[in-house]
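# Descriptive analysis of the structure
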Amino acid sequence: QVQLVESGGGLVQSGGSLRLSCAASGRTFSNYAMGWFRQAPGKEREFVAVITRSVGTTRYADSVKGRFTISRDNGKNTVYLQMNSLKPEDTAVYYCAAYRSSTIYTMSTYSDQYEYWGQGTQVTVSS
């Protein structure tokens, strides 16, 4: 079992920044690729960003590329999502998730491949 707890959400004006954190406990954090997903009201959950378990390779949704940065600190069992130049369309509940990857290079953008999920943190961007 891996327990994930997100924090750092809130209300911010358009153009502002937020940094989300996701603290993991339980099994070996460095065995898992970590992803961020989001779900806006009335919409399906969508992929935001992912980082491999140790080499730090990343991938982003086109809608956030150049504005969001995912990172991780395996010593602190934490993954981060730095969000800059926020837009009202970024408003959603943001979830972190863990994917037990078979290699240090493996990652996934598909939510159904992630085994463990946090409870989510609300991000609201006002115009």
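Right above here is the structure, for reference.
Predicted, not measured: the structure shown is a model, and the values here were computed from it. (Residues numbered from 1 in each chain as written. Predicted model: local features only at pLDDT ≥ 70, side-chain atom pairs only at ≥ 80, totals over all residues. Heavy atoms only, no water.)

To continue, consider the nonpolar core. Grouped together as the largest cluster of nonpolar side chains are 39 residues, with contacts concentrated most on Leu4, Met34, Trp36, Leu81, Met83 and Tyr94. Going through the elements one at a time, strand S1 (2–7), strand S3 (18–26), strand S4 (32–39), strand S5 (46–51), strand S7 (68–73), strand S8 (78–83), strand S9 (92–100) and strand S11 (121–126) are the ones with two or more residues in this core. A per-element tally of this core places S9 first, with six residues. (Core = buried A, V, L, I, M, F, W, Y, C linked by side-chain atoms within 4.5 Å. Buried < 20%, exposed > 50% of the residue type's maximum accessible area, 1.4 Å probe, protein only. Helix = DSSP H or I, 4+ residues; strand = E, 2+ residues; numbered from the N terminus.)

Attention now moves to the sheet that holds S7. With respect to topology, four strands assemble into an open sheet ordered S1-S3-S8-S7, the strand pairing being antiparallel. Each edge of the open sheet carries a strand with a single partner, namely S1 and S7. Adjacent strand axes in the sheet meet at a mean angle of 15 degrees when their direction is disregarded. Pairing of S1 with S3 involves six bridges; the strand directions are antiparallel. When the bridges of S3 are listed, Val5 appears paired with Ala23. (Pairing = 2+ DSSP bridges. Axes fitted to C-alpha atoms, helices over the stretch in contact; angles between N-to-C directions.)

What characterises a pair of aromatic rings is the spacing of the ring centres plus the angle enclosed by the ring planes. Evaluated as defined, the whole model comprises seven aromatic pairs. Between Phe37 and Trp117, the ring centres sit 5.1 Å apart and the planes meet at 55 degrees, which makes this aromatic pair tilted. Separated by 80 residues along the polypeptide, Phe37 in strand S4 and Trp117 in strand S10 (residues 116–117) bring together distant segments of the chain. Three or more aromatic residues link up through ring pairs in this structure, and these residues are Phe37, Phe47, Tyr95, Tyr99, Tyr114 and Trp117. Its guanidinium or amino end placed over the ring of Tyr80, Arg19 lies 4.0 Å from that ring's centre, counting from NZ or CZ. (Phe/Tyr/Trp six-rings, centres within 6.5 Å; stacked < 30°, edge-to-face > 60°. Lys NZ or Arg CZ within 6 Å of the ring centre and 35° of its normal.)

Next up on the list: the environment of Gly35. Structurally, Gly35 is set in strand S4. For the pair Gly35 and Asn84, spaced 49 residues apart in sequence, the C-alpha to C-alpha distance is 18 Å. Not counting residues up to four positions away in its chain, the partners in contact with Gly35 are Ala49, Val50, Tyr95, Cys96, Ala97 and Tyr114. (Contact = heavy atoms within 4.5 Å.)

Below, the discussion takes up the state of the cysteines. Enumeration over the complete set of coordinates arrives at one disulfide. Note that Cys22 is cross-linked by a disulfide to Cys96, the S-S spacing being 1.9 Å. What sets the handedness of the Cys22 and Cys96 disulfide is the S-S torsion sign, and at about 45 degrees it is right-handed. In this pair, Cys22 is assigned in strand S3 and Cys96 in strand S9, connecting sequence segments 74 residues apart. On the accessibility criterion, Cys96 (0% relative accessible area) is buried. (Disulfide = S-S within 2.5 Å.)

Next up on the list: the environment of Ser111. Within the secondary structure, Ser111 is located in the loop between S9 and S10. With a relative accessible area of 29%, Ser111 lands in the partly exposed category. Separated by 65 residues in sequence, Ser111 and Glu46 place their C-alpha atoms 7.8 Å apart.

Structural measurements only, silent on function.
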